[in-house]
Amino acid sequence: MIRPEADTLLEIVDLQARVEDKPILKGVNLTIKAGEIHAVMGRNGSGKSTLSKVLAGHPSYVVTGGRVLYRGANLLDLEPEQRARLGLFLGFQYPVEIPGVSNLEFLRVSTNARRSEKGEEELDTFAFEDLVRERLQVVQMDPAFLERSVNEGFSGGEKKRNEILQMALLDPLVAILDETDSGLDIDALRIVAGGVNHLASPDNATLLITHYQRLLDVITPDYVHVMAGGRILRTGGKELALELEDRGYDWVDQELAVLEVA
Amino acid sequence: MVAAMSNSAAVAASAWVTTFLERLPAPVGELEAVQWRGREALSRQPLPSRRQEDWRFTDLAALTALAPALAPALAPASEQGRWPEPAAGVVRLWLDAPGDPLAGQSLPAGLSLLDADEVQQALGHTLATCNCEQHWPVELNQASAPRVLALRVSAVVAPTLELVSQAAGDGVMRPVRVLLLLEEKASLEVLQVQLGSGSSLTSLVIEAHLGRESTLRHGLLALGEGPACFLGHLAVEQEPRSLLESVWASHGWALSRFEPRVVQVDGEATTSLKALQLADGQQLADTHSRVEFRGPEGQLDQLHKAIADDRGRSVFNGAVKVPRAAQRTNASQLSRNLLISNQARIDTKPELEIVADDVRCAHGATVSRLQTDELFYLQSRGLSAAVAAGLLKRGFCEEVLRALPAAAAPWRPLQRLLGEI
Ligand SMILES: Nc1ncnc2c1ncn2[C@@H]1O[C@H](COP(=O)(O)OP(=O)(O)O)[C@@H](O)[C@H]1O
Ligand SMILES: [Mg+2]
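These lines cover the structure that appears in this document, whether it is placed above or below. (Residues numbered from 1 in each chain as written. Chains lettered and ligands numbered in written order. Predicted model: local features only at pLDDT ≥ 70, side-chain atom pairs only at ≥ 80, totals over all residues. Heavy atoms only, no water.)

1. Details of the overall build of chain B
Across its full length, chain B carries nine helices and 19 strands. At 21 Å, chain B has a C-alpha radius of gyration in line with the 22 Å of a compact globule built from 421 residues. If you line up chain B on its principal axes, its C-alpha atoms span 65 × 50 × 50 Å. Split into buried and exposed, the 421 residues of chain B put 58% on the buried side. By sequence separation, contacts in chain B at least 24 residues apart represent 85% of the contacts at least 6 residues apart. Looking at chain B as shown, the accessible area adds up to about 16200 Å², and 49% of this sits on carbon and sulfur atoms. Placing the 39 positive and 47 negative side-chain charges of chain B at their respective mean positions leaves the two points 5 Å apart. (Helix = DSSP H or I, 4+ residues; strand = E, 2+ residues; numbered from the N terminus. Rg over C-alpha atoms; globule rule 2.2 N^0.38 Å. Buried < 20%, exposed > 50% of the residue type's maximum accessible area, 1.4 Å probe, protein only. Contact = heavy atoms within 4.5 Å. Areas by Shrake-Rupley, 256 points an atom, 1.4 Å probe, with all protein chains shown as cover. Lys, Arg positive; Asp, Glu negative; His and termini not counted. Charge placed at Lys NZ, Arg CZ, Asp CG, Glu CD.)

2. A closer look at the site of ligand 1
All names here are of chain A. Lining the immediate environment of ligand 1, one finds 13 residues, of which Gly45, Lys48, Ser49, Thr50 and Tyr61 sit closest. One of the backbone N or O atoms of lysine 48 is found 2.9 Å from an oxygen atom in ligand 1. The separation between an oxygen atom of ligand 1 and a polar main-chain atom of serine 49 is 2.8 Å. About the coverage of ligand 1: the protein hides 68% of its 550 Å² of free accessible area. Where the shell around ligand 1 is concerned, the elements lending two or more residues are strand 2 (22–33) and helix 1 (48–56). A per-element tally of the shell around ligand 1 places helix 1 first, with three residues. (Near = heavy atom within 4 Å. Polar contact = N/O pair within 3.5 Å; in protein donor to acceptor, adjacent residues only side chain to side chain.)

3. Observations concerning the pattern of salt bridges
Scanning the entire structure with this criterion turns up 38 salt bridges over all chains. Residue arginine 234 of chain A is joined to glutamate 255 of chain A by a salt bridge in which the shortest nitrogen-to-oxygen separation is 3.1 Å. One end of the pair, arginine 234 of chain A, is in strand 12 (residues 231–236); the other, glutamate 255 of chain A, is in helix 9 (residues 250–261), with 21 residues separating them in the sequence. Looking at glutamate 255 of chain A, the relative accessible area reads 31%, which means it is partly exposed. The closest approach of N and O atoms between aspartate 347 of chain B and arginine 345 of chain B, which form a salt bridge, is 3.2 Å. Shared partners join several salt bridges into a network, and the residues in it are Asp54, Arg257, Glu259, Arg261 and Asp286 of chain B. (Salt bridge = Lys/Arg side-chain N within 4 Å of Asp/Glu carboxyl O.)

4. Focus: the interface of chain A and chain B
If you look at the interface, chain A gives 31 residues, while chain B gives 19 residues. In total, about 1900 Å² of surface goes out of reach between chain A and chain B, with carbon and sulfur atoms giving 68% of it. The largest per-residue losses of area from chain A upon contact with chain B belong to Glu81, Ile98 and Phe106 of chain A, which jointly make up 23% of the total buried on that side. Scanning the region where chain A abuts chain B turns up two salt bridges. Put simply, glutamate 163 of chain A and arginine 381 of chain B hold a salt bridge, and the shortest N to O gap is 2.8 Å. (Buried area = accessible area lost by both parts, 1.4 Å probe.)

Below is the structure:
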């Protein structure tokens, strides 16, 4: 939903970053307002996950230029946990398995961290169980997964549902979902997309990273951005995704080549 | 110079032992002969030397920094106060009680005390079978232990037996000796809690004989503080089709050393050893285990986990002996270590001696760090770096701690081990 008068939640200006001395992001510009759904598409290796991890504050990625404002404040000054508590959420492309740490306990601690930042009271074990059981329905997940270790032995689809469950509990203002659709069969895709649609509101925003059109058949983006070589090459409406599906990425590569020569 | 004890260190060691022996009360009571024997041994062999392979990584400085005298009148009754109530279905014995630890308690069905003659006959038998009756920590215990809790297990004992001992305060030495004889098909679960604080020394020797088809579940929670030191020895003799499940968790001792020694006398038995040791500050946590199969078709499942932080040091040495007689042995040993700080140190060494040819013996050792991606995942959900690291450590500990007897729950082992309470 595009509303010119909506608040700007995230403003990325000329963002540059490297990992292990290798420049990956070479000047990303992107502005996201409340109520909007953005999709970032692009070939493997174009820097999509790097962008998401830089925004979430992964210590392996070093910002070398540009700035990011989150609700007007400098996001890059904040620790990863502070970003999360303030409502930035990253759904991981590869959710991490954490043996021995109970999923339920993890979800409770993280939910309470976010709640206390919002000025809401922390939930005890019982109150939290009620909440989590209700939110489980959003992703149609079996409560048995709560008793297991975080993501340990989960299938690809189960991990992605666990990510959306976390999103449902943390109630983010900006949710970045990194290839949440990959590895999902069509039913799981519907469930995950249903969860995302259910959680979208005029007050929050979603950034979907994907390279398939099929996710965008079930979640309609307001903007589609094409990423290549660590930049956003082009921005359009949902028809841009269809164009990519028709024409493939070769023309993107050609545009990028022209840009890199210049 | 590697591990060789210098001359002056040897002199200091023998001075420490001489002082220790001088302060002991005169040998007396049911263990009088044993005390004589231990004292003679110690005067001949003051302290283990780091030239001995077994002690190469074990710096005894924390031990000789203590000046332990045997706590003369056992413990004041007031000491019990701050322990949690035992869980339901648990019979607690306070091993340091001034009088009879069994006073006012009746033993559960299936358990009885050995009489003096039986103690005479049985004491030391398993130590001899395990070839460790002359081992230094054992002699130290023999020299000083005033009594032994000697129990016969003749049936399946329903309640868990909880044995608590505490060395609280400077200059306290707490020698604890336990003897368990499990008859055929008998079964017992024991939780032992050893607490130590101040400049104190705890010395524990447990002997257990497991008759055919018997089961012993033994949990040991050893929690120290400050300069307190712990030396523990568990010797177990297993007859065919018996089951030993030993779980041990320790943290907080300036020096701790635990030595499980298991002999499957005719093979065909099952041994499970699980351990978790934490060393931080300047602590040294050491486990030296040895499992020996003297007959065919024995099973061993061993997991040793350690966390080393600050300048802490963890040592694990796991010997497994599979002689020719032990065909079709199936043994696995895994040592998993978490190194938190750059100054911490981990020494882990499997020591497999396999002569039999038709056996399956697997072993492995890993040393890893807290994983950046795991920390980041937790942080990206709003957990601070410290809370995230704590959760990962808890996750690492959980695997061993959940194997402790349920009776351990009121002691809140995880929180205590991680120093959260
Ligand atoms: N941790 C890392 N270490 C080294 N190279 C990395 C790391 N993360 C990403 N890269 C490199 O950065 C580039 C962009 O990767 P990524 O952001 O994962 O792309 P995408 O998500 O668009 O497929 C690739 O060349 C990849 O190899
Ligand atoms: Mg990616």
